[in-house]
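# Residue-level structure breakdown
Residues per chain, in single letters:
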Amino acid sequence: MQNKEKLTKEFELLKQIKRDKLPFHIAIIMDGNGRWARKRGLPRIAGHKKGMDTLIEMVTCAHELGIRALSLYAFSTENWKRPSLEVEFLMRLPEEYLKKELARLMEKNIKIRAAGDLSQLPQRTRDAMEKALIETAGNTGMVLNFAVNYGARSEIVRAFKKILSLVQEGRYQEDDITEELLSRHLYTSNLPDPDLLIRPSGEVRISNFMLWQLAYTELWFTKTLWPDFKREHFYRAIVDYQGRERRFGSIKKKVRSSI
Ligand code: IPE
Ligand code: IPE
Ligand code: MG
C-alpha cells in the first residue's frame, strides 16, 4: 500500500473511534514473529527483533489514544520448549527494550507491571525488569503490563496456593474464598480484566493467556503477523470492539425494556 493511502486509511479509522467508549484494558498476544522471518528467509530471531519495533509503536499508539492499561504477552511458560538459542535471544529483549525505551516511558508517565514468574528468568533479564518496575512504580499514567514467563494455569495454581496458606494461617475462612479474592491473588490484581484481546498471526486460540481474566473479554483476531501489525490494525480492533454489544450474560438493553 502506498504511504499516503495507508495514512488515509489509518486516519479514517481513527476518526471512527469513540473517545468516550475506549476499552480500558487491552491485551495483545504478540504472535507471528517466526513466520514473518521464515517468509523472508531470515532466522526466527530477526522476526523477534522486528516484533519489538511493533511493540514500541503500539505502546506509543495506545498511550496517544488514552488507553489506560495494555498487557503484552511476551513469553509463555511453554516457550521454554523452544531451541535454546531462540530462548536466549528472547531473554535479552526486555533488557534491550528497557535500555532503549525506559526514559520515554518515564516521560509518558507509564507504569510498568509484570505478570509471570520472574524468579525463573536469567539474572540480567530479571534485574532489567525489576529496575523498570521500581523506576516506574510512582507513575500514574497508562499501565504497561508485560507477561513474561507467564502461564495462566500456573498463575491460578499459584493464587490457589497463596490462598490456601492464608486459610491455614487463619487469615481467611472458607466463606471468604470468592471470585474477587482469587482475582486479587493473580498477577493482574487491581487491574480490571481486559476489555479487548487482540491476537495477530492467524492463530485462533488463547495459548494459556489470562484464562481467568478473559471470561468476558471481546476477542479480535487478524491474520496479519505481529511484525506487520500497524496502527491501522489497532484502530480497526477498537472500532470493531465499539460496535459490539457486551451483555455479560444478560440480554440486550432494548429487549429488556420491551418486556
Ligand atoms: C511470538 O512469535 C513471539 C513469542 C512467542 C515469544 P512466534 O515466535 O510464536 O512466531 P510464530 O508463531 O512461530 O510465527
Ligand atoms: C503465545 O504464542 C505466546 C506468546 C505470544 C508470548 P505461541 O506461539 O507460543 O503460541 P502457540 O504455540 O502458537 O499456541
Ligand atoms: Mg507463535
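For the structure itself, look to the data block above.
The structure contained in this document is the topic of the report that follows. Note that the coordinates shown come from a computational prediction; the quantities given were computed from them, not determined experimentally.

This next bit is on the overall build of the chain. Each helix and strand counted, the chain has nine helices and six strands in total. Relative to its length of 259 residues, the chain is compact, with a C-alpha radius of gyration of 19 Å against a globular reference of 18 Å. Overall size of the chain, expressed as C-alpha extent along the three principal axes, is 65 × 60 × 35 Å. A buried classification covers 46% of the 259 residues belonging to the chain. Here the analysis covers contacts within the chain between residues at least 6 apart in sequence; of these, 76% occur between residues at least 24 apart.

The next thing to look at is the packing of aromatic side chains. Taken as a whole and judged by the stated rule, the model has eight aromatic pairs. With centroids separated by 5.5 Å and ring planes inclined at 70 degrees, the aromatic side chains of Tyr97 and Phe146 adopt a geometry described as edge-to-face. Here Phe146 lies in strand β4 (residues 143-150) and Tyr97 lies in helix α4 (residues 84-107), a separation of 49 residues in the sequence. Taking the relative accessible area as the measure of exposure, Tyr97 reaches 4% and is therefore buried. By relative accessible area, Phe146 is classed as buried at 8%. Aromatic pair Tyr150 and Phe209: ring centres 5.7 Å apart, planes at 80 degrees, arrangement edge-to-face. Of this pair, Tyr150 sits in strand β4 while Phe209 sits in the loop between β5 (196-199) and β6 (218-221), and the two are 59 residues apart along the sequence. As far as the burial class goes, Tyr150 and Phe209 line up, both buried. Every member of this aromatic cluster is reached through a ring pair, and the members are Tyr73, Tyr150, Tyr187 and Phe209.

Near ligand 1 you find 13 residues, and of these Asp31, Gly34, Arg35, Arg44 and Arg82 are the closest. Gly32 has a polar backbone atom sitting 3.3 Å from an oxygen atom of ligand 1. Within the backbone of Asn33, an N or O atom sits 3.1 Å from an oxygen atom of ligand 1. In isolation ligand 1 has 380 Å² of accessible area, and contact with the protein removes 87% of it. Of all the secondary-structure elements, those providing two or more residues to the shell around ligand 1 are α2 (33-39), α3 (44-65) and α4. With three residues, α2 is the largest single contributor of residues to the shell around ligand 1. Considering only residue class, the shell around ligand 1 consists of three nonpolar, five polar and five charged.

Another point: the site of ligand 2. Around ligand 2, the neighbouring residues are Ile29, Met30, Asp31, Tyr73, Ala74, Phe75, Asn79, Arg82, Arg199, Arg205 and Ser207. The contact in question runs from an oxygen atom of ligand 2 to an N or O atom on the side chain of Asp31, over 3.2 Å. Here Arg199 contributes a side-chain N or O atom positioned 3.4 Å from an oxygen atom of ligand 2. Calculation on ligand 2 without its partners gives an accessible area of 390 Å², and the protein chains cover 78% of this total.

Conventions we followed
Residues numbered from 1 in each chain as written. Chains lettered and ligands numbered in written order. Predicted model: local features only at pLDDT ≥ 70, side-chain atom pairs only at ≥ 80, totals over all residues. Heavy atoms only, no water. Helix = DSSP H or I, 4+ residues; strand = E, 2+ residues; numbered from the N terminus. Rg over C-alpha atoms; globule rule 2.2 N^0.38 Å. Buried < 20%, exposed > 50% of the residue type's maximum accessible area, 1.4 Å probe, protein only. Contact = heavy atoms within 4.5 Å. Phe/Tyr/Trp six-rings, centres within 6.5 Å; stacked < 30°, edge-to-face > 60°. Near = heavy atom within 4 Å. Polar contact = N/O pair within 3.5 Å; in protein donor to acceptor, adjacent residues only side chain to side chain. Areas by Shrake-Rupley, 256 points an atom, 1.4 Å probe, with all protein chains shown as cover. Nonpolar A, V, L, I, M, F, W, Y, C, P; charged D, E, K, R; others polar.

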